[in-house]
Amino acid sequence: MQRQRSLLALILVMVIAAIAVIATIPIPLGLDLRGGSQLTIQVKPTPEIPRITERELEAVKSVVEGRVNGLGVSEPVIQTVGEDKILVQLPGVNDPEEAERVLGGTAQLEFRQQKPNTETQLFALRTSQQELKQQQQQLKNSQDTAAIAKNREALQNNSKAIAELFESTNPPLTGKYLKDARGEPTSGNNWEVAIRFDQKGGELFAQLTKNLAGTGRSIGIFLDNELISSPVVGPEFAATGITGGGAVITGNFTPQQANELGVQLKGGSLPVPVEIGEIRTVGATLGKDSIQSSIWAGVGGLILVLIFMVIYYRLPGVIADIALLIYALLTWASFALLGVTLTLPGIAGFILSIGMAVDANVLIFERTREELRAGKTLYRSVESGFYRAFSSILDSNVTTWIACAALFWLGSGLVKGFALTLALGVAVSMFTAITCSRTFMFLAISIPSLKKPELYCPGVSASNKTEVAQ
């Protein structure tokens, strides 16, 4: 009994925690529920780049992500589709023409020189920028739209102020001269970013570095007019600048930081055109109707299941219903904690996992009934019911997880949402069926007034032994 009380206390704590999570952390809604715009961006090859590889596609995706962040969209979905397309979902954006103007076109990469006597200003602005970005991360899941808008405006003003501290070279050194950029490891587990220009770009870069070498002023690397890096040139290059068309950007980079900067530079230099292939707008009204219909379907189905379990399985059915309600709370809380963006297929996966949760209890109770009909005591019948049903429940859940993994790995967008919610739901359902239902069942048979076998299996003689093992 001590073990059952401990498990009961654990379940109670988990339920209270789940209710607190649901009350404080809202679940973000996807495009199909919230409304917004969906764009498909076609990346097109050129004579210089006849084939779009994964590297080029990821580089363009990085640029698109930066531009979407500039739109101030919350919970956007940006993913590659096939070998030459990028899918962009913008919840809450009901003006697809604006999104098309921002996302279309080639990214602008430019190398600029810092103006004299601006070192102190740049340091202060970069420090302020880091603080604003940290605040942006803290506000990511917040519903305070005023604070989010204020933070976004402050970041935009900060970027403009930084850009004013730099000036373009004449002629300007732009991304069209950059042939390659990638993160590379160095000795001592450090990383750097290697860049390589064509002949004309190498000459412009040599002149730029000659002007800045030893001055303490930095090279401003701007992507879509936003500073992404500001390396300083050492005094040893004051005579000729950095020649040869190649250079490295150092700065104690981690592997991830070096690769990200390389992708940003490469993305800004891509001379590949992009074209908006498809634009689809989902109205907010349609999203509200979908939510309402889904809620009615889910609640209606859940009520019918609860009623059936009580009528057919009697006391075990009541216990299963309690476990099912706990399952719903824990699953919804796990969605909120993991930041799952809820979509219509995601809701379908959640509702389907409710059926999986009921199925586990059905297996357990049918096994228990078999044991009672065979003449075993109530305690032994319940114990055997859980023991004999466990392998079937495990096999069923494992095969479902395999299917979910395949859908998540090979699918995209809404299919991934369905697979994720179903997999999470099945995991929680296994816990509630094996732990919650078992704890409540053994608690029930420890109460004298609930030891009657007919409460667990109609038609079983009351003469069956009902003693409870201590």
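Residues numbered from 1 in each chain as written. Predicted model: local features only at pLDDT ≥ 70, side-chain atom pairs only at ≥ 80, totals over all residues. Heavy atoms only, no water.

**Q** Would you take a moment to explain the overall build of the chain for this structure?
**A** The number of helices and strands found in the chain is 13 helices and 11 strands. For the chain, the proportion of its 470 residues judged to be buried stands at 44%. Contacts in the chain between residues far apart in sequence, at least 24 positions, make up 75% of those at least 6 positions apart. (Helix = DSSP H or I, 4+ residues; strand = E, 2+ residues; numbered from the N terminus. Buried < 20%, exposed > 50% of the residue type's maximum accessible area, 1.4 Å probe, protein only. Contact = heavy atoms within 4.5 Å.)

**Q** Sorry, what's going on with the packing of aromatic side chains here?
**A** Here a ring pair, both rings aromatic, is described through the centre-centre distance and the interplanar angle of the planes. Under the criterion given, the structure shown has eight aromatic pairs. Taking the centre distance of 5.3 Å and the plane angle of 75° together, the rings of Phe166 and Phe222 count as edge-to-face. Here the residue Phe166 occupies a position in strand 5 (residues 166-174), and Phe222 occupies one in strand 8 (residues 219-223), the gap between them amounting to 56 residues. For the pair Phe308 and Tyr312, a centre-to-centre distance of 5.6 Å together with 10° between the ring planes defines the contact as stacked. Of this pair, Phe308 and Tyr312 both sit in helix 9 (residues 284-313), four residues apart, roughly one helical turn. The exposure class of Phe308 is partly exposed, given its relative accessible area of 46%. Looking at Tyr312, the relative accessible area reads 40%, which means it is partly exposed. One aromatic cluster is present, formed by Phe308, Tyr312, Tyr313 and Phe365 through successive ring pairs. In this arrangement the basic side chain of Arg112 is found over the ring face of Phe222, its NZ or CZ atom lying 4.2 Å from the centre. Between the NZ or CZ atom of Arg438 and the centre of the ring of Phe386, over which it lies, the distance is 5.7 Å. (Phe/Tyr/Trp six-rings, centres within 6.5 Å; stacked < 30°, edge-to-face > 60°. Lys NZ or Arg CZ within 6 Å of the ring centre and 35° of its normal.)

**Q** Please explain helix 11 (residues 344-373) as it appears in this structure.
**A** The periodicity of an α-helix, 3.6 residues per turn, causes residues three or four places apart in sequence to face the same way. Between the first and last C-alpha of helix 11 there are 44 Å, a value that for 30 residues agrees with the 44 Å anticipated at 1.5 Å per step. A positive phi of about 95° marks Gly375, the residue just after helix 11. (Expected span 1.5 Å × (residues − 1).)

**Q** Explanation requested: the environment of Leu132 in the structure shown.
**A** Turning to its location among the elements, Leu132 is positioned in helix 5 (residues 119-138). Looking at Leu132, the relative accessible area reads 14%, which means it is buried. C-alpha of Leu132 to C-alpha of Arg152: the two residues are 20 residues apart in sequence and 8.6 Å apart in space. In this view, Leu132 contacts Asn151, Ala154, Leu155 and Asn158; residues no more than four positions away in its chain are not counted.

**Q** Would you explain the pairing of strand 3 (residues 85-91) in this entry?
**A** It is a general feature of regular strands that their side chains alternate between the two faces of the sheet. Across the seven residues that make up strand 3, a large majority, six, are buried. Relative to strand 3, strand 1 (residues 36-43) is paired through seven bridges, and the arrangement is antiparallel. Bridging from a neighbouring strand, Ser37 pairs with Leu90 of strand 3. Bridge count between strand 2 (residues 77-81) and strand 3: five bridges; the pairing is antiparallel. Directly across from Val81, in strand 3, lies its bridge partner Lys85. Hairpin connection between strand 2 and strand 3: a loop of three residues separates the two successive antiparallel strands, and Gly82 in this loop has a positive phi of roughly 65°. (Pairing = 2+ DSSP bridges.)

**Q** Where do I start with the sheet that holds strand 7 (residues 191-197) in this structure?
**A** On the basis of which strands lie adjacent, the open sheet formed by three strands has the order 6-7-10 and antiparallel pairing. Among the strands making up the open sheet, the edge pair consists of strand 6 (178-185) and strand 10 (246-253). In this sheet, adjacent strand axes meet at a mean angle of 20° when their direction is disregarded. Note that strand 6 and strand 7 share seven bridges and pair antiparallel. Looking at the pairing, Pro185 lines up with Trp191 of strand 7. Helix 7 (residues 199-212) contacts strand 7 and strand 10 of the sheet and is inclined by roughly 120° relative to strand 7. (Axes fitted to C-alpha atoms, helices over the stretch in contact; angles between N-to-C directions.)

**Q** How should I be thinking about the side chain of Asn158 in this particular structure?
**A** Considering the arrangement of structural elements, one finds Asn158 in helix 6 (residues 145-163). On the basis of relative accessibility, which here comes to 5%, the residue Asn158 falls in the buried class. A polar atom in the side chain of Asn158 sits 3.1 Å from the backbone oxygen of Leu125. (Polar contact = N/O pair within 3.5 Å; in protein donor to acceptor, adjacent residues only side chain to side chain.)

**Q** Just checking my understanding: could you explain the side chain of Gln89 for this structure?
**A** Looking at the secondary structure, you find Gln89 in strand 3. A distance of 2.9 Å separates polar atoms of two side chains, one belonging to Gln89 and the other to Gln38. Discounting residues that sit within four places of it in the chain, Gln89 has contacts with Leu31, Ser37, Gln38, Pro76 and Val77.

**Q** Whenever I open this one, empty space enclosed by the protein confuses me. Can you help?
**A** With the rule as written, the count across this model stands at two cavities of 30 Å³ or more. Estimated volume of the second largest cavity: approximately 30 Å³. For the lining of the second largest cavity, the secondary-structure elements that each account for two or more residues are helix 11 and helix 12 (378-410). Within the lining of the second largest cavity, the residues separate by chemical class into four nonpolar, three polar and one charged. (1 Å grid on protein atoms, 1.4 Å probe; cavity = no way out; pocket = protein on both sides within 12 Å on 5 of 7 lines; lining within 4 Å. Points joined across faces, edges and corners; volume = space filled by probe spheres on them. Nonpolar A, V, L, I, M, F, W, Y, C, P; charged D, E, K, R; others polar.)

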